[in-house]
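# A look at the structure
Residues per chain are reported as follows:
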Amino acid sequence: MSVIQAPRGTFDVLPADAARRAVLQSHAERILGAAGYRRIETPTFEPTELFARGVGEATDIVQKEMYTFDDGGGRSLTLRPEGTAPVCRAYLEHGMHKLPQPVKFWYLSSFFRAEAPQRGRYRQFWQVGAEAIGSAEPEADAELIILLAELLDAMAVKEPRLRISSLGTPATRAAYREELTAFLRAHKDGLSPEVVARIDLNPLRAFDADDPRTRETMAGAPLLLERLAADDVEHFAQVRELLDDQELAYEVDPTLVRGIDYYTRTLFEFTSDALGAQSAVGGGGRYDELMQQLSGPPTPASGWAAGIERILLAAPEPPVARLAVDLFVARAVPEAGRAAFALAAEARRAGLSAQLELAGRSLKGQLKQADRLGARYVAIVGDTALISLKDMESGDQRELETQTVIPAILRGSRLV
Ligand code: HAM
């Protein structure tokens, strides 16, 4: 029988990676918490319909990337491919529209998409996300963008680049969609077969194409940004003004498209040139119609999500942090096991970090292990009432009564 491996596109978070993730999480907690965002966690799976209605039937996510299964009772469930639709579902389910608005959430969870795995693209990946539900103000959009910029800055993400655009309202978009569809039909010869095949399903995706001929054709295509209604133009101008005031650099990219259908008005994405093909570190936008799409009352909202793996790939590797060990408890003879165990437990209760010999090493091997761990003190428990305490910094060693060992460490260490 062969050794079992993790499924393709998944990975283990090993302790060294976990430490970097913990740093990211604490930055998110601090930055988002200070702006009034509170943590939310939703279930790992949801009714499939939530994503079909929320994310959009025509999107790649819903068409080919969802892990969908029958729960055995004829209900179709799906491992969440994203977090916005679930947060909106929770907002509606718990009647949060009755709370003072907006209600601000943040989350850090894993998500699932059956994509072709490559560097920075996984089938189970993690996102940190923020959603401000119940505000139509441009300030909400600008606040969210600035918070993500701050998080990327705190993680020292290399070469971050921000692109923004506006999608206007669904009505503007519907009219524009017709105009664009007509343009694409009239220029079929200059488009790749994949784009032609998707003209009716999702004409906007034509701007996304990598094919050089398609790109050339699309350079002459009408732009949604030029067709926005006056109040959408004004909203977008206000978002930009707030970003300008904060001196946050961005590029207005009228062809910015994202793979999710719920967006209205503000749209944005941060990329890092330090990443390869999968350069999107995080993005989001306004989704004023999503709540109605989910049978809720009209509720304007805005948010973003950023890929944890991509942030870490685009951030410098920090020096490997050593786990602080105040005390290593060694035993000189096997019979000292219980006394050694008790001493380690007492040390932890006193607030020290303490490790116990657990691998049956010789005394010499135990001292070596204490050294490897960088332990500040080693207590050697023998078969007498006295314990030998060694200061690993100075090399001094003293014989002490059992009950005076922990006080001696506390007095001598930087903890007091
Ligand atoms: P998204 O652009 O689909 O947006 O995903 C956000 C981020 O998650 C991406 O920029 C990327 O960093 C990361 N990501 C996505 N797919 C993968 C993958 N297969 N492997 C690794 N990382 C990945 C959303 O999910 C929206 N819910 C964002 C949002 C929140 N919009 C409004 N509120």
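Okay, the pattern of salt bridges next. The final tally for this structure, using the stated rule, is 27 salt bridges. Here E46 and R89 are joined by a salt bridge, their closest N and O atoms 2.7 Å apart. Of this pair, E46 sits in strand β2 (residues 45–47) while R89 sits in helix α4 (residues 84–93), and the two are 43 residues apart along the sequence. A single burial state applies to E46 and to R89, both of which are buried. When the shortest N-O distance is used, the salt bridge between E93 and R89 registers 2.9 Å. With E93 and R89 both in helix α4, this residue pair falls 4 residues apart, about one helical turn. Overlapping salt bridges bring together D60, K64, R198, R205 and D208 as one network.

Below, the discussion takes up the site of the ligand. In the vicinity of the ligand lie 26 residues, with E82, E115, E131, R258 and Y263 positioned nearest. One nitrogen or oxygen atom from the main chain of G282 is found 3.4 Å from an oxygen atom belonging to the ligand. The contact in question runs from an oxygen atom of the ligand to an N or O atom on the backbone of G307, over 3.2 Å. In isolation the ligand exposes 650 Å². Once the protein is present, 96% of that is buried. Elements with a contribution of two residues or more to the shell around the ligand: β6 (124–133), β10 (280–286) and β11 (301–307). Per-element accounting of the shell around the ligand gives the leading share, 6 residues, to β10. In terms of residue class, the shell around the ligand is built from 10 nonpolar, 9 polar and 7 charged.

Next up on the list: the packing of helix α1 (residues 15–34) against helix α5 (residues 138–154). Packed helices, taken two at a time, are described by their axes: the angle between them and the distance between them. Remark: α1 packs on α5, axes separated minimally by 10 Å, with the N-to-C direction vectors making an angle of 145°. In terms of crossing hand, the pair formed by α1 and α5 is right-handed. Taking contact as the criterion, the partners of L24, H27, A28, R30, I31 and L32 in α1 are, on α5, L147, E150, L151 and A154. The residue makeup of the contact of α1 with α5, split by class, is 7 nonpolar, 1 polar and 2 charged.

Once that is clear, we can look at the pairing of strand β12 (residues 327–331). On a regular strand, each side chain points to the face opposite its neighbour's, so the side chains alternate between the two faces of the sheet. Summarising burial for β12: 4 of the 5 residues are buried, a large majority. For β12 and strand β13 (residues 354–356), the ladder comprises 3 bridges, and the chain directions are parallel. Considered in β13, the bridge of F328 is made with Q355. Viewed along the sheet, the connection from β12 through helix α12 (residues 337–349) into β13 turns out right-handed. As paired elements, β12 and strand β14 (residues 377–381) share 5 bridges and run parallel to each other. Across the sheet, the residue bridging to R331 is V381, located in β14.

Turning next to unusual backbone geometry. Put simply, Q101 and P102 share a cis peptide bond, and its omega is -5°. Along the chain, the position of P102 falls in the loop between α4 and β5 (103–112). Within the chain, S295 stands out as a residue other than glycine whose phi angle is a positive 70°. With respect to the helices and strands, the residue S295 is situated in the loop between α10 (290–293) and β11. Given the relative accessible area of 60%, S295 is considered exposed.

A few words now on α5. Its 17 residues place the ends of α5 24 Å apart at the C-alpha level, agreeing with the 24 Å of an ideal helix rising 1.5 Å per residue. In terms of burial, α5 is largely enclosed, as 12 of its 17 residues are buried. Within the span of α5, buried status applies to P138, A140, D141, A142, L144, I145, I146, L147, L148, A149, L151 and L152. Once α5 finishes, A156 follows within two positions and takes phi at roughly 55°, a positive value.

Per the stated rule, a full pass over the model turns up 6 aromatic pairs. Here the aromatic rings of F45 and F69 are separated by 6.0 Å at their centres, their planes lie at 80°, and the arrangement is edge-to-face. Taken together, the residues F45 in strand β2 and F69 in strand β3 (residues 68–70) connect sequence positions 24 residues apart. By relative accessible area, F69 is classed as partly exposed at 35%. With a centroid separation of 5.6 Å and 55° between ring planes, the pair formed by Y262 and Y287 is classed as tilted. Here Y287 lies in the loop between β10 and α10 and Y262 lies in the loop between β8 (251–252) and β9 (264–272), a separation of 25 residues in the sequence. For Y262, a relative accessible area of 6% corresponds to the buried category.

The next thing to look at is the sheet that holds strand β16 (residues 397–401). Backbone-to-backbone hydrogen bonds join strands into a sheet, with any given pair of strands oriented parallel or antiparallel. An order of β13-β12-β14-β15-β16 is seen for the 5 strands of this open sheet, with the pairing classed as mixed. Single-partner strands in this sheet number two, and they are β13 and β16. Averaged over all pairs of adjacent strands, the angle between their axes in this sheet comes to 25°, without regard to strand direction. Lying over the sheet, α12 contacts β12, β13, β14 and β15 (386–391), oriented at roughly 165° with respect to β13. Seen against the sheet, helix α13 (residues 363–373) touches β12, β13 and β14 and runs at an angle of roughly 170° to β12.

Procedures and definitions
- Sequence order as written defines residue numbering, which begins from 1 separately in each chain.
- Per-residue local features are limited, in this predicted model, to residues with pLDDT of at least 70; the limit for side-chain atom pairs, both in listing and counting, is 80 or more; totals at the level of whole chains, interfaces and linings are taken over all residues.
- Excluded from the side-chain calculations are hydrogens and water; all other atoms, namely the structure's heavy atoms, are used.
- Whenever a carboxyl oxygen of Asp or Glu lies within 4 Å of a side-chain nitrogen of Lys or Arg, that contact is scored as a salt bridge.
- Comment: elements are numbered from the N terminus, with helices defined as DSSP H or I runs of at least four residues and strands as E runs of at least two.
- Relative accessibility thresholds used throughout: buried, under 20% of the residue-type maximum; exposed, over 50%; partly exposed, between the two (1.4 Å probe, protein chains only).
- When at least one non-hydrogen atom of a residue lies within 4 Å of a molecule or strand, that residue is treated as near it.
- As used in this structure description, the phrase polar contact means that two N or O atoms lie within 3.5 Å; if the pair is within protein, one of them must be able to donate a hydrogen and the other to accept it, and residues adjacent in sequence are counted only when both atoms belong to side chains.
- Computed with the Shrake-Rupley method and a 1.4 Å probe, the accessible areas treat only the protein chains shown as cover for residues.
- Classification convention: Asp, Glu, Lys, Arg as charged; Ala, Val, Leu, Ile, Met, Phe, Trp, Tyr, Cys, Pro as nonpolar; all other residues, Gly among them, as polar.
- The axes are straight lines fitted to the C-alpha atoms, using for helices just the contacting stretch, and the angles between their N-to-C directions are given from 0 to 180°.
- Handedness of a crossing is defined here by the sense of rotation of the near helix relative to the far one, left-handed for an anticlockwise turn of less than a right angle and right-handed for a clockwise turn.
- Here a residue-residue contact requires only that any non-hydrogen atoms of the pair lie within 4.5 Å.
- Here the rule is simple: two strands pair whenever DSSP picks up at least two bridges between them.
- Handedness rule for crossovers: strands pointing away from the viewer, path from the first strand over the helix to the second running clockwise, crossover right-handed.
- Between the first and last residue of a helix there are one fewer steps than residues, each counted as 1.5 Å, and that sum is the expected span.
- When the centres of two rings from Phe, Tyr and Trp lie within 6.5 Å, Trp using its six-membered ring, the rings pair. Their planes under 30 degrees apart give stacked, over 60 give edge-to-face, and anything left gives tilted.

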